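Architecture and fold: a report
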Amino acid sequence: MPWRGPEVPGEFPTLGHDIAALIEDQCAIPDGNRAGEPYILTDEMYRFLLHFYRVDPKTGRRFTHFRGGQLVRPQKWGKGPFSAAIICAEAHPDGPVVPDGFDSNGEPVGRPWPTPRIQVTAVSEDQTDNVWRALIPMIELGRIANVIADTGDTRVNLDGNGLIEPVTFAARSRLGQRLTFAVQDETHSWTTQNGGRKVADNQRRNIAGIGGRWLETTNAWDPAEESVAQQTSEKREVGVYFDDVDPGAGSIRNARDRRRMIKKVYGDSLRTGPKSTGWVDIFR
């Protein structure tokens, strides 16, 4: 059964709708005044999921972005908790994260990994905490705790011998393991000098070997450092989804330009009024 075809202009087959629904149903806000409430995706996050989990319209058994994706946003946009939410979907025993064709109505179908093996990778423990400290309470405070109950400071054990773990560059022996998914965090700080480019290459090869994928999250990078973030962006490899925001022309030294540019790059995360759901104060 092939895909049913677009019902609205620009529509494409994706598992993103089902994954977004799982995240909002199962995951909790990990901290702050609303800790424990359902984790609700912003429009930007939802759109990212639609593209990241887009599937081949002919067979429905392969992702369009089969290697992985790069998400570029400024600090405090919410990359850490969003990455943690995606990890929850990839680890969930019912997570529709592996393309499995189309159903009798021509809708895309996903299935879970039988043995999810997931790593949160960064230069140091402090950097892995960006994701890990959001992931653990997101699980423990949410409905997902009913199916992922064995959480800890250094690992999350999953049914069927699955595993989620934080890994730093120092733990090189664990970077060679077979993986279904990896979050490569703050890759603007992954350089040749600290071993980051070698780590990224090795980990991505290991992931590709079993058909898994990676998610790279980064702030803007310094072009002089030739980081992994810059390398990923400039290579533009087939099978990689790129999500960045162009702030537009202007100077951050000009107050009007600066305000417009900040609005653009922070997007839905900005708190724009008393009823806004954003969390970033544009004036700060």
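This write-up is about the structure you can find in this document. All of these numbers come straight from a predicted model, not from anything done at the bench.

This next bit is on the overall build of the protein chain. Within the protein chain, the regular secondary structure consists of seven helices and 12 strands. Here the protein chain has a C-alpha radius of gyration of 19 Å; the compact-globule value for 284 residues is 19 Å, and the two agree. With the principal axes as the frame, the protein chain shows a C-alpha extent of 55 × 50 × 40 Å. Looking at the protein chain as a whole, 50% of its 284 residues qualify as buried. Of all intrachain contacts in the protein chain linking residues separated by at least 6 positions in sequence, the fraction that spans at least 24 positions is 68%. For the protein chain, the exposed area adds up to about 14,100 Å²; of that, 48% sits on carbon and sulfur atoms. Mean positive and mean negative side-chain charge positions of the protein chain (36 and 38 charges, respectively) differ by 4 Å.

Here we take up the nonpolar core. Core analysis: the largest hydrophobic core is formed by 49 residues, its most contacted members being Ile 23, Tyr 39, Tyr 53, Phe 82, Ile 87 and Ile 164. Those elements giving two or more residues to this core turn out to be α1 (16–26), α2 (43–52), α3 (79–91), β2 (98–102), β4 (117–122), α4 (125–140), β6 (156–158) and β8 (181–185). Among the elements that make up this core, the one with the highest residue count is α3 (eight residues). Beyond its immediate stretch of four places on either side in the chain, Ile 87 contacts Ile 118, Val 120, Val 131, Leu 135, Ile 164, Phe 181 and Val 183.

This part covers the packing of α1 against α2. It is the contact of α1 with α2, at a shortest axis distance of 8 Å, that shows an interaxial angle of 135°. One finds that α1 runs oblique with respect to α2. Seen along the crossing, α1 lies across α2 with a hand that is right-handed. Contacts between α1 and α2 involve Gly 16, His 17, Ala 20 and Ile 23 from the first element and Tyr 46, Leu 49 and Leu 50 from the second. In the contact of α1 with α2, the residues fall into five nonpolar, two polar and no charged.

Look at Glu 186: it is not a glycine, yet its phi comes out positive at around 55°. Structurally, Glu 186 can be placed in the loop between β8 and α5 (196–209).

Of all the residues in helix α6 (residues 228–235), the buried ones are Val 228, Ala 229, Gln 230, Thr 232 and Ser 233. As for α6, its buried residues are in contact with β1 (68–72), α5, β9 (213–218) and β10 (240–243).

Quick look at the sheet that holds β10 now. With mixed pairing, the eight strands of this open sheet are ordered in space as β5-β6-β7-β4-β8-β9-β1-β10. The open sheet has two edge strands, β5 (150–151) and β10, and neither has a second partner. Sheet analysis places β6 next to strand β7 (residues 162–168), joined by three bridges and oriented antiparallel. Residue pairing across strands places Leu 158 opposite Gly 162, the latter belonging to β7. Seen against the sheet, α5 touches β4, β8 and β9 and runs at an angle of roughly 165° to β8.

Cut-off values and rules
- Residues numbered from 1 in each chain as written.
- Predicted model: local features only at pLDDT ≥ 70, side-chain atom pairs only at ≥ 80, totals over all residues.
- Heavy atoms only, no water.
- Helix = DSSP H or I, 4+ residues; strand = E, 2+ residues; numbered from the N terminus.
- Rg over C-alpha atoms; globule rule 2.2 N^0.38 Å.
- Buried < 20%, exposed > 50% of the residue type's maximum accessible area, 1.4 Å probe, protein only.
- Contact = heavy atoms within 4.5 Å.
- Areas by Shrake-Rupley, 256 points an atom, 1.4 Å probe, with all protein chains shown as cover.
- Lys, Arg positive; Asp, Glu negative; His and termini not counted.
- Charge placed at Lys NZ, Arg CZ, Asp CG, Glu CD.
- Core = buried A, V, L, I, M, F, W, Y, C linked by side-chain atoms within 4.5 Å.
- Axes fitted to C-alpha atoms, helices over the stretch in contact; angles between N-to-C directions.
- Parallel < 35°, antiparallel > 145°, perpendicular 65-115°, else oblique.
- Left-handed = near helix turned anticlockwise from the far one by under 90°.
- Nonpolar A, V, L, I, M, F, W, Y, C, P; charged D, E, K, R; others polar.
- Pairing = 2+ DSSP bridges.

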